[in-house]
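Residue-level structure breakdown
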Amino acid sequence: MAKHETPMLDQLESGPWPSFVSDLKQEAEKRAKNAAGVEFQIPQDAVEDLLGVLELSYKHGRTHWKHGGIVGVFGYGGGVIGRYCDQPQMFPGVAHFHTLRINQPGGKFYTTKYLRELCDLWDFRGSGITNMHGSTGDIIFLGTTTPQLEEIFYELTHKYNQDLGGSGSNLRTPADCIGQARCEYACYDTQALCYDLTNEYQDELHRPAFPYKFKFKFDGCPNCCVASIARSDLSFIGTWKDDIKIDQAAVQAYIGGEIAPNAGAHSGRDWGKFDIQKEVINLCPTGCMAMDGKTLKINNRECTRCMHCINVMPRALHIGDERGVSILAGAKAPILDGAQMGTLIVPFIEVEPPYTKIKEEVIEPIWDWWMEEGKNRERLGELMKRQGLQKLIEVLGVDPDPRMVQEPRSNPYIFWKEDEVPGGWDRDINEFRKYHQR
Amino acid sequence: MAKHETPMLDQLESGPWPSFVSDLKQEAEKRAKNAAGVEFQIPQDAVEDLLGVLELSYKHGRTHWKHGGIVGVFGYGGGVIGRYCDQPQMFPGVAHFHTLRINQPGGKFYTTKYLRELCDLWDFRGSGITNMHGSTGDIIFLGTTTPQLEEIFYELTHKYNQDLGGSGSNLRTPADCIGQARCEYACYDTQALCYDLTNEYQDELHRPAFPYKFKFKFDGCPNCCVASIARSDLSFIGTWKDDIKIDQAAVQAYIGGEIAPNAGAHSGRDWGKFDIQKEVINLCPTGCMAMDGKTLKINNRECTRCMHCINVMPRALHIGDERGVSILAGAKAPILDGAQMGTLIVPFIEVEPPYTKIKEEVIEPIWDWWMEEGKNRERLGELMKRQGLQKLIEVLGVDPDPRMVQEPRSNPYIFWKEDEVPGGWDRDINEFRKYHQR
Amino acid sequence: MAFISSGYNPEKPMEDRITDIGPRKFDEFYPPVIAKNKGKWLYHEYLQPGVLVHVAESGDEVYTVRCGGARLMSTSHIREICEIADKHCGGHVRWTTRNNIEFMVDNKSKVQPLLDDLAGRKFKGGSFKFPVGGTGAGVSNIVHTQGWIHCHTPATDASGPVKAVMDEVFADFQSHRMPAHVRVSLACCLNMCGAVHCSDIAILGYHRKPPMLDHEYLDKMCEIPLAIAACPTAAIKPAKVEINGQKLNSVAVNNERCMFCGNCYTMCPSMPLADTEGDGIVIMAGGKVSNRISAPKFSKVVVAFIPNEAPRWPRTSATIKQIIEAYANDARKYERLGEWAERIGWERFFEKCELDFTHHLIDDFRDPAYYTWRQTSQFKF
Amino acid sequence: MAFISSGYNPEKPMEDRITDIGPRKFDEFYPPVIAKNKGKWLYHEYLQPGVLVHVAESGDEVYTVRCGGARLMSTSHIREICEIADKHCGGHVRWTTRNNIEFMVDNKSKVQPLLDDLAGRKFKGGSFKFPVGGTGAGVSNIVHTQGWIHCHTPATDASGPVKAVMDEVFADFQSHRMPAHVRVSLACCLNMCGAVHCSDIAILGYHRKPPMLDHEYLDKMCEIPLAIAACPTAAIKPAKVEINGQKLNSVAVNNERCMFCGNCYTMCPSMPLADTEGDGIVIMAGGKVSNRISAPKFSKVVVAFIPNEAPRWPRTSATIKQIIEAYANDARKYERLGEWAERIGWERFFEKCELDFTHHLIDDFRDPAYYTWRQTSQFKF
Ligand code: SRM
Ligand code: SRM
Ligand code: SRM
Ligand code: SRM
Ligand code: SF4
Ligand code: SF4
Ligand code: SF4
Ligand code: SF4
Ligand code: SF4
Ligand code: SF4
Ligand code: SF4
Ligand code: SF4
């Protein structure tokens, strides 16, 4: 029998979508039974109490968790989020209920062996409840007590060759799309770059030295399957410089209806016969495509690599060969001044291991600037807003490029610097008055 | 012989475009000769000195005019801009050189009789130099002395039945497009509305009671030939509610090439045969047009009355019959916070004399609000920015309408009012703490 | 329960310590067909909703079966996933960026047995454990955050509304009838832990009452200057208060200036905002992150407030259903929700979705607000 | 020159006073064909650049001949206009909203004689008095402001640059070869007395040096608090100075924060900004006010600075010519300059116009600046 009545939560067991309540209940039951004979290092009824406190929140319409306080593992400033229940007497099993962020593997591929190891560890030293995965990308171990933190870290590093992810004013756990592992659109190896930078910057990831959090995300192409442009301080988006490769025979196969457009993504409805003019050429945002008789022509110089035509005809069109990334900076959530999307600061850069240019000419100068100038709790995007995109361009030591803006300024309020203006700013009013009486 | 050498200005006499230098010189000469025997009330060599001081500015690259000081006519707070030369000894003819703003007639139509009367007055009591017209719309009498101001005003009002325009923190001289007088696109009588409001609000036009300047402009249709949307605190733009009238035979005449598209506005180049699909239907911003065989169809419900199709085929398409205006508020020049365009605050209102609804339900409530809340030198647009569009909607007593925005807010920072939230804001922390321990 | 040491010695924390080793390397985990064909994929196709094939230059194929999942997941559930992966996929599995589970097989013949196995697995309460879908022009899984399960600042729950909404739109998780991707996200407070600000549909927890002030403890539990500095609208001032005859340092909040962001509460636990009636949900719509055709867009607020109707948030899910249906009926093929709204005009969006346009939806936050107002005479009646 | 009274008695200003009578009523001035057909026009056509016919329901026609004009105009010139209007137009004439002069006749046979008459009239210096043009898809007259002819805050002249530019683009005033209207405007300072902020091409006078401080007179000539309050960037602070051993109240300017707007000088004559080398011209492009196809747009800064090269501003006119030619060569029929730039992308605009993109052109003014940066991976190489 369940420890707490959960009449409201019980209503979330019905319906087709996987019920987290049912899952929590099965876990609670499993822990109660403990068929595997685990020597639980945190309360056996943690999941029962988690259901209990959640039910109470459903009743009150308010959370019952308190601020975290500073908990963590020695020498690290991140990877753990402290959490305490505000009704510890009622729910002692979750009185202390901290999370650990485990740095997920690139592309979120797993072997069952490794997953089971994680499960064993977590059943033993934690609640057995996880998030697969957190929004940043980590594996989230949801709920353990303070004494277990070092133990878990020790086992992770010693037994599983696995480190924690980020939290606090650190580099946060970088994340990538599946990319070249299984996607024909990927313009670079997202997993390789993500892994390399994660390892290069372990110190930044674990020891808070930044004004605030900092995120990297790696999208293999402009489809942005890891949403880097919306939620990473530095967003790496794959792109190419040369021409889209066209297989004209395959184009004809699409036109002829032999291949379903967009790989069949619209199969649930009858949208009529595929019309290349309407569905591809007219929707191309730059209007750089045309049929020339039976030949599809792309004026690649005008193409902005939006992916649409390629998405619609993946068997006929392929990304170019001269590949690299565009880097955008400053995306973040709305607090404090409104959400920001990444701003294009490096239109194109090669992605070749060991990625020296990316590290030394982009990431590190930006960090130096931000650490020098950023205020406490000021994200890169906010600093960019405060000091201006010009400043970042200066920091990067590159030439201003119209590609960095959607449009030039419409206000003429240019802050000229003294050394840009002949004669400087010191002028003699009395000399002026010789020509201009009061 | 000219009083001052003007070698730089002389270079502006060549070239095809009418030379203001040549014109100033002809005026200077005329005054010097004074064939008409005018008893000039300001220095006869005013125009010579104007050329002289301008030449000096060309040499220095700086203006030689000083601040105005307060000059004007008794009982009025506007209509005159004071101006003094900063080299009065060198150019005594323009030492005092104030302008008068004469309220232009609607549509800027004149009889030669009236124009000559103005010329006579201005030769006699001023410099003989004008602007036809100032940017706001006035006839500008450019340059006279302080003692002449009252004299000119007296003659204007007594002999010519003519009043001054606005300046200062007043209603400024309203202006209109030519509209129904000669334009088939006009959705209301711009001249009639402009004249009526100008007269209704003479007090506001002449006696500064506002926080800052306030401008009305009247465009007969969305083509905006008097640019109201960019430069008037209240912009009145003609529009219609019902259907665009189509003459299908004329459509065919355009298609057949019998009538030149856009009335022949593109005659200077061979743009090829008129293509209704390419030139009209595909450019319609709402995509609400189509050819149905030989019939042009418009889905008027989706039309946003952008005027494009009508402009291209004025003999085939005509504005609807259920006419009125859209009112937009808050346009202004960039000082201080950046330029603003007018914001749509009244999507549609009838324009029927005596225009009571427009006056009592739009203009006057807005003025009351602005006079109550506006800071010194704060334009309506700035107040709207500061207090929010919501506030203006409240002032107008209308329902919020998605037509007033281009898009809903993307930040969720909604300032809820206490009375909108059940239970209000006063809560007992100790009651809360019963459920949520510290 | 006896404490069992891992070997860690608290007396000598640096002894034997291993740090900064980073994550496990991705290629340890690739299924063989992935490892072999990485970077050499030619194209992909959907066999049915939830089932993809990718074909490589080598001729190899990988079949992916995507399953929806509550990302709040027990080890029991993960072990069951492992069981399936062992049985069908040679011991490999992955998760997507939207918390779906992907089982991959390297031969078409392995697909149907896998699908059959998955279809048979249900939770006791009756819900599917592994519903197949979430691909192509449909509604994928909702990315979400902690809510009442773990966070201290939420204005709504996360897992509950997600379950309720996914139940409502379940058929579209399993079909391809939408004009384009529909991506729904949830964040339980303004911190927006997720890409909620750029989603086709966003569910956002929002407070509507200014913080309560626990004067008696405030100075003890908080750094007053930090709390003051945290407020983006400068609504907080230092204040002296008298409680039970004791003069205390505390703060005062100008309620009129408060926009309920909870930033003060993040810095100071003595300023809680949560309130049963005050808290609830904001619905946003029309955002996207892909660069396909149009640039990424922010989501727009389309419903200012829906109360927290636990446990099934009926108005929230009905509203979302309503928006999705209007979109499905009216948008063009390939057109994302935001692109549709912009093409037809937001006045039509509200009409077609049968949503009220209230004053709350008009931007009044800072300078950029102005640019969202309508500065043209173009509009639809 | 003896003072001649109008009848006004300064001792008794209210005697006989007539006020608040407003302008003359428009319909006193309508030509008969206008008065008769007002509101009943059916359509119009261009016979040639500068010549329009409007046809009314009644079958009446009015032919309009539009002439360019320097709007700085002497009474001699106006009298000549009257002479022409009397001779050809029954004593009627009008001005357009862009300072062109329109002569109207009610019969086609009257058009050619009028045109011939106008063509023959030239100023002594050789320029046309009444060049016909300014209609349709061409370059119309430049609306402008006072400049050095009358204002105290200009950073450039108005009439001079206008003359220079109109000479340069004169052929396009008289032809219809542009893709659409090209509207050029000039404002001699940031106050922007005109619709410069929404013009296809805008010429803007701009200062680049912070104000000089005439400490000795400042407190006497200005209200210090007003000067301080006038500064949009809060660059001005009160200050005490010592001049010739005298302690005076004055102000100090933080030059780094100054954006040279001249607002302080408007309030305080002891803070002049004008400077031979500092002052000059900013070129903006791509604005419009009509609602045709696209909504009105602000002009964008495309050249940060061109020195004042009196008397003919060669670089300014060459730059404008360059932009107009690139536009004429590349834009589509009906496409305004700003629509063209947006379609091809601003990176292409700079390339095609052969203009440098400098850091000055990146918006860094207040919050909305951010929205002008490129927030997409879409761009052209
Ligand atoms: C666990 C996670 C949500 C989840 O359920 O997945 C999370 C949870 C919290 N986030 Fe977050 N954030 C998480 C991803 C994000 C993301 C998404 C992302 O990284 O892609 C964002 C938006 C992107 C961004 O960084 O702008 C995000 C933006 C925030 C913010 C606002 C930051 C800002 O600059 O606007 C805060 C507030 C703060 O830092 O004080 C915040 C703060 C928090 C805190 C630490 C609450 C606090 O103030 O102490 C939450 C702890 C919850 C808990 O008790 O478990 N979290 N947070 C995500 C991390 C899991 C992981 O490591 O994988
Ligand atoms: C004469 C005229 C320019 C012209 O050559 O045509 C003019 C001239 C002046 N304007 Fe203007 N403005 C003139 C139309 C405009 C317009 C255009 C319009 O009305 O359509 C604007 C932009 C629209 C607007 O109002 O926003 C305009 C925006 C300004 C501003 C900025 C106001 C703002 O809110 O941003 C100022 C500064 C001020 O008010 O202190 C200003 C100030 C001035 C002053 C009074 C300078 C000053 O600060 O004392 C100028 C006097 C010049 C002189 O000595 O003759 N003038 N001014 C225009 C009036 C003529 C007329 O009555 O027909
Ligand atoms: C598996 C995953 C990557 C990963 O590393 O896990 C992925 C995989 C693919 N994406 Fe994606 N996308 C994935 C998240 C995303 C996201 C991120 C998100 O939703 O948070 C986006 C941005 C969405 C947005 O704009 O809001 C995304 C925008 C796209 C697009 C652009 C769609 C559009 O119309 O704008 C494509 C192109 C297409 O669908 O034709 C695409 C195409 C693809 C393709 C077809 C690429 C390929 O050739 O393999 C993959 C299968 C598509 C499918 O799911 O139908 N993927 N894709 C993610 C699956 C999420 C899920 O479980 O639902
Ligand atoms: C005479 C005048 C009105 C007046 O009250 O004085 C006028 C008159 C006409 N305008 Fe205009 N417009 C006049 C200033 C404007 C302005 C204001 C301005 O330039 O400052 C605009 C807004 C320009 C802008 O967007 O920047 C303007 C935007 C239009 C448009 C829209 C053009 C576009 O492509 O965006 C049309 C439609 C068309 O040309 O087909 C139009 C059409 C017309 C028509 C064809 C209307 C008609 O049926 O009679 C008139 C003759 C057009 C011509 O000049 O070729 N008129 N027109 C103005 C002549 C100014 C001049 O001397 O050059
Ligand atoms: S972002 Fe591009 S490369 Fe990466 S998974 Fe998506 S479609 Fe493939
Ligand atoms: S990628 Fe986009 S811009 Fe390029 S050709 Fe294809 S549809 Fe056009
Ligand atoms: S604004 Fe419209 S009505 Fe007025 S003149 Fe221009 S085209 Fe005609
Ligand atoms: S007026 Fe504009 S929106 Fe309406 S049908 Fe014509 S082109 Fe389309
Ligand atoms: S969105 Fe807010 S409430 Fe939800 S997990 Fe993030 S910080 Fe916590
Ligand atoms: S909730 Fe936000 S706006 Fe309100 S007082 Fe706290 S920090 Fe300020
Ligand atoms: S733009 Fe500036 S300088 Fe020119 S007239 Fe207006 S206020 Fe004077
Ligand atoms: S010029 Fe403008 S920014 Fe500079 S000090 Fe004066 S008011 Fe301030």
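Below you will find a few notes about this structure. This is a predicted model, so every value here is computed, not measured. Numbers given for residues are sequential positions, taken from 1 along each chain in its written order. Written order determines the labels here, with chains lettered from A and ligands numbered from 1. With pLDDT at 70 or above as the cut-off, local features in this predicted model cover only qualifying residues; side-chain atom pairs require 80 or more to be listed or tallied, and sums for whole chains, interfaces and linings still use all residues. Only hydrogens and water are set aside when side-chain values are computed; all heavy atoms of the structure are taken into account.

1. What about the sheet that holds strand β6 (residues 129–132) of chain B?
Heads up, the condition is: One requirement defines pairing of two strands: DSSP has to find at least two bridges between them. The secondary structure listing takes helices from DSSP runs of H or I that are at least 4 residues long and strands from runs of E that are at least 2 residues long, numbered from the N terminus. Contact definition: two residues touch when any of their heavy atoms are within 4.5 Å. Each axis is a line fitted through C-alpha atoms, and for a helix only the stretch in contact is used; angles between axes span 0 to 180 degrees, taken between their N-to-C directions.
Here we have five strands laid out as an open sheet, ordered β2(B)-β4(B)-β7(B)-β6(B)-β4(D), and antiparallel in their pairing. Looking along the sheet, the strands with just one partner apiece sit at the ends: β2 (80–81) of chain B together with β4 (72–74) of chain D. Inspection of the sheet shows β6(B) paired to β4(D) by three bridges, in the antiparallel sense. Within β4(D), the position partnered with B:Asn131 by the bridge is D:Leu72. Sheet contacts for helix α5 (residues 146–159) of chain B: β2, β4 (98–102) and β7 (139–144) of chain B; angle to β4(B), the most-contacted strand, approximately 15 degrees.

2. What to know about the relation of the copies chain D and chain C
Heads up, the condition is: Only residues with pLDDT of at least 70 in both copies count here: their C-alpha atoms drive the least-squares fit that superposes the copies.
Relative to chain C, chain D is turned by 180 degrees and slid 0.0 Å along the rotation axis, the superposed coordinates differing by an RMSD of 0.0 Å. One copy is carried onto the other by what is essentially a two-fold rotation axis. Among all residues of chain D, the one whose C-alpha sits closest to the rotation axis is D:Pro368, at a distance of 2.6 Å. Taken as a fraction of all interface residues of chain D, those also at the interface in chain C reach 100%, which identifies the copy contact as same-surface.

3. Quick word on the coordination of the iron atom of ligand 4
In an ideal octahedron of six donors the angles at the metal are 90 or 180 degrees, and in an ideal tetrahedron of four donors they are 109.5 degrees. As a reminder of what qualifies: Coordinating donors are taken to be N, O and S atoms lying within 2.8 Å of the metal, or within 3.2 Å when the metal is Na, K or Ca; because water is excluded from the atom set, some sites may appear incomplete.
Among all protein atoms, only B:Cys225 (SG) binds the iron atom of ligand 4, sitting 2.3 Å from it. Assignment of secondary structure puts B:Cys225 in the loop between β9 (216–219) and α8 (228–231).

4. Some points on the side chain of C:His207
For clarity, the threshold we go by: Any N or O atom pair separated by 3.5 Å or less is treated as a polar contact, with the protein-specific requirement of one donor-capable and one acceptor-capable atom, and with residues adjacent in sequence counted only for side-chain atom pairs.
Mapped onto the secondary structure, C:His207 falls in the loop between β8 (201–206) and α6 (215–221). Polar side-chain contacts of C:His207 include one of 3.0 Å to the backbone oxygen of C:Thr153.

5. Quick notes on the site of ligand 1
Put simply, the test is: Residue proximity to a molecule or strand is established when one non-hydrogen atom of the residue lies within 4 Å of it. Start and end points for every domain follow an automatic or database-based domain assignment.
Close contacts around ligand 1 come from 30 residues, with A:Arg83, A:Asp138, A:Lys215, C:Arg71 and C:Cys193 the closest. Residues lining ligand 1 come from chains A and C. A:Asp138 is positioned with one of its side-chain polar atoms (N or O) 2.4 Å from an oxygen atom of ligand 1. Viewed by domain, the shell around ligand 1 spans two of them, domain 1 (7–159) and domain 2 (175–240 + 323–398) of chain A, each represented by three or more residues.

6. Some details on the sheet that holds strand β11 (residues 280–285) of chain D
All names here are of chain D. Spatial strand order, β7-β8-β11-β12: four strands in an open sheet with mixed pairing. Each edge of the open sheet carries a strand with a single partner, namely β7 (184–187) and β12 (300–307). Shown here is a sheet whose adjacent strand axes are inclined to one another by a mean of 20 degrees, direction ignored. Note that β7 and strand β8 (residues 201–206) share four bridges and pair parallel. Across the sheet, the residue bridging to Ala187 is Leu204, located in β8.

7. Some thoughts on the state of the cysteines
Residue and element names in this part refer to chain D. Note the threshold: By definition, disulfides here are pairs of cysteine sulfur atoms that lie within 2.5 Å. Throughout, exposure labels follow a simple rule: accessible area from a 1.4 Å probe, protein chains only, divided by the maximum for the residue type, with under 20% read as buried, over 50% as exposed, and the rest as partly exposed.
Enumeration over the complete set of coordinates arrives at two disulfides over all chains. Linked covalently through their sulfurs, Cys222 and Cys268 form a disulfide whose S-S length is 2.1 Å. Linking Cys222 and Cys268, the disulfide has an S-S dihedral of approximately 65 degrees and is accordingly described as right-handed. Note that Cys222 is positioned in the loop between α6 (215–221) and α7 (224–230) and Cys268 in the loop between α8 (263–267) and β11, a separation of 46 residues in sequence. Neither residue differs from the other here; Cys222 and Cys268 are each classed as buried.

8. Details of a negative patch on the surface
For clarity, the cut-off: A patch is a set of surface residues, each over 30% in relative accessible area and not in a salt bridge, joined within 9 Å for like charges and within 5 Å for the nonpolar side chains Val, Leu, Ile, Met, Phe, Trp and Tyr. Accessible surface area values rest on a Shrake-Rupley calculation with a 1.4 Å probe, where residue burial reflects the displayed protein chains alone. Here, a salt bridge means any Lys or Arg side-chain nitrogen found within 4 Å of an Asp or Glu carboxyl oxygen. Counted as positive: Lys and Arg. Counted as negative: Asp and Glu, with His and the chain ends omitted from the count. By convention, the point assigned to a charge is CZ for Arg, NZ for Lys, CD for Glu and CG for Asp.
A cluster of acidic residues, A:Glu418, A:Asp419, A:Asp426 and D:Glu256, forms a negative patch at the surface. Tracing the backbone shows D:Glu256 in the loop between β10 (246–253) and α8. Note on D:Glu256: relative accessible area 58%, which makes it exposed.

9. Quick notes on the interface of chain C and chain A
One widely used convention gives an interface's size as the accessible area the parts lose upon coming together. Selection rule: Here's the idea: put two parts together, see how much 1.4 Å probe accessible area each one loses, and the total over both is what we call buried area. Under this grouping Gly is polar, as are all residues other than the nonpolar Ala, Val, Leu, Ile, Met, Phe, Trp, Tyr, Cys and Pro and the charged Asp, Glu, Lys and Arg.
Taken together, the 140 residues of chain C in the interface contact 144 residues of chain A. When chain C packs against chain A, close to 12400 Å² is buried across both sides, 59% of that on carbon and sulfur atoms. Of all residues in chain C, C:Arg24, C:Trp148 and C:His150 bury the most surface against chain A, accounting for 6% of the area lost on that side. Between the two partners, chain C and chain A, sit eleven salt bridges. A salt bridge links C:Lys124 to A:Glu29; the nearest nitrogen and oxygen atoms lie 2.9 Å apart. Summed over the shared surface of chain C and chain A, the number is 88 residue pairs in polar contact (both at pLDDT 80 or more). Its residues assigned to classes, the side of chain C that touches chain A shows 69 nonpolar, 42 polar and 29 charged. In this structure, strand β5 (residues 109–111) of chain A lies alongside strand β5 (residues 92–95) of chain C, joined through three bridges in antiparallel fashion. If you follow A:Thr111 over to β5(C), its bridge partner there is C:His92.

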